[in-house]
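# Report on the structure
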Amino acid sequence: MRVAPSESTAIRTPHPKVPGYVADVAAIETEGLVKVYRSGGDEVRALDGVDLDVQEGTVLGLLGPNGAGKTTTVRILATLLRADAGRATVAGLDVVRDAQAVRRVIGLSGQYAAVDENLTGRENLWMFGRLYRLSSPDARRRADDLLGRFGLEDAADRVAKTYSGGMRRRLDLAAALVGRPELLFLDEPTTGLDPRGRLGMWDVIRDQVREGTTLLLTTQYLEEADELADDIAVVDHGRIIARGTADELKAQVGGERIEVVVRHPDDLRRAVATLAPNGDGTCDRHTRRVTVAARGGAQELVEVVKRLGDASVEVDDVGLRRPTLDDVFLTLTGHVAEDGSTGEDDEDEPDEELAA
Ligand code: ATP
């Protein structure tokens, strides 16, 4: 059901994915959202003025480390929590004034255990159908359809507690789709999944997006936002600190990098001094890796190896890589995202900025 948006919220914008289509309203808009949690004498300012807008049919990735404020934002948009200040609309509906109508047009999946472990996959989806007021036969048909689309037919009649993590996440997402939501919130949909489970989840999310669902996806995984989102908002300490496409964000940190792995950790400082005499290189003692900005493409690699050889630095590996969103985060916040997704940096020994 769509309630007509008020004049002030109606924005006529071309749809980025469907030629000729004109969206009648921004799918999500927030302005100055503030949320302060109080417990005992303590206060946590979880959101400190969040401004967002998401166009219909697009995917916004809300990317940030633990505690950045991602879940709080989603809970406010999904009407589960009230902001202390600011305003938010979803499908043109005010999340406080029109909370009931908002609930009818959204689906929510992720860090919320909506699925009943003691029911089968089929029973779970049927139950959600009934909650969405489908007749029993319609709910059964909807459950069958979703079980098929999510590759869960073979496990349909097993209780959910026997499902693998990936199957659980797919069932949870299927449950969020029973009511055919216009707008989907996925809160860290692949946290805890192994790489194969993550890829499978990305496939089903992509299929859903192809059907035109507007998606707000929160993630700590930089590559996940890169893979799935049209647009990325980087959130840190309750504020949006950057907004753009993955390529735009990467462009902020400059071009390609040269990475060198030296054989002996004691050679790290000499390697950086040789390759980045102006102090714009970093190194990681744990991985014995030196990273410097590349200026001359592949040919420069040959020169790098020669210069290190002249400085008596033994090299185990050398390569060229495009900037990642990890680099973006480091540039924007001065620290790497605390998600462990790089799997390389030792938390006890963060990258050092080395002066020559
Ligand atoms: P994560 O990736 O770990 O889920 P997040 O970006 O979703 O993190 P939030 O869950 O929104 O972050 O939390 C933002 C801040 O608010 C954190 O400092 C968190 O500890 C705090 N917080 C969240 N919920 C509560 C609560 N109910 N009471 C007190 N503090 C809270």
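Residues numbered from 1 in each chain as written. Predicted model: local features only at pLDDT ≥ 70, side-chain atom pairs only at ≥ 80, totals over all residues.

So, on to the environment of Asp266. In this structure, Asp266 sits in the loop between β13 (257-262) and α9 (268-275). Here Asp266 falls in the exposed class, since 11 other C-beta atoms lie within 10 Å of it. (Helix = DSSP H or I, 4+ residues; strand = E, 2+ residues; numbered from the N terminus. Buried ≥ 20, exposed ≤ 12 C-beta atoms within 10 Å, placed from the backbone.)

Among the 13 residues in the neighbourhood of the ligand, the closest are listed as Tyr37, Ala46, Lys70, Thr71 and Thr72. Going through the elements one at a time, β3 (28-39), β4 (42-54) and α1 (70-77) are the ones with two or more residues in the shell around the ligand. A total of three residues in the shell around the ligand trace back to one element, the largest contributor, which is α1. (Near = placed C-beta within 6 Å.)

So, on to the confidence of the model for the protein chain. For the protein chain, per-residue confidence averages 84 on the pLDDT scale, and residues scoring 70 or more make up 86% of the total. Contacts of residues 1-22 to residues separated by more than four positions or lying in other chains number 37 contacts, the stretch itself having pLDDT below 50. Low confidence marks residues 339-356, where pLDDT is under 50. Its contacts with residues over four positions away, or in another chain, come to 33 contacts. (pLDDT = per-residue confidence, 0-100. Contact = placed C-beta atoms within 7 Å.)

Before going further, it helps to examine the pairing of strand β8 (residues 106-109). Of the two faces of β8, the one carrying Ile106 and Leu108 and the one carrying Gly107 and Ser109 are both buried. Here β8 pairs with strand β9 (residues 183-187) via four bridges, running parallel. Along β9, the bridge assignment pairs Ser109 with Leu186. (Pairing = 2+ DSSP bridges.)

This part takes up the pairing of strand β5 (residues 59-63). The buried fraction of β5 is high, at five of five residues. Burial along β5 is two-sided: Val59, Gly61 and Leu63 facing one way and Leu60 and Leu62 facing the other are all buried. Bridge count for β5 against strand β10 (residues 214-219) is five bridges, and the pairing is parallel. In the sheet register, Leu60 faces β10, and the bridge partner there is Leu216. Inspection of the sheet shows β5 paired to strand β11 (residues 231-236) by four bridges, in the parallel sense. Its bridge partner lying in β11, Leu60 is registered against Asp231.

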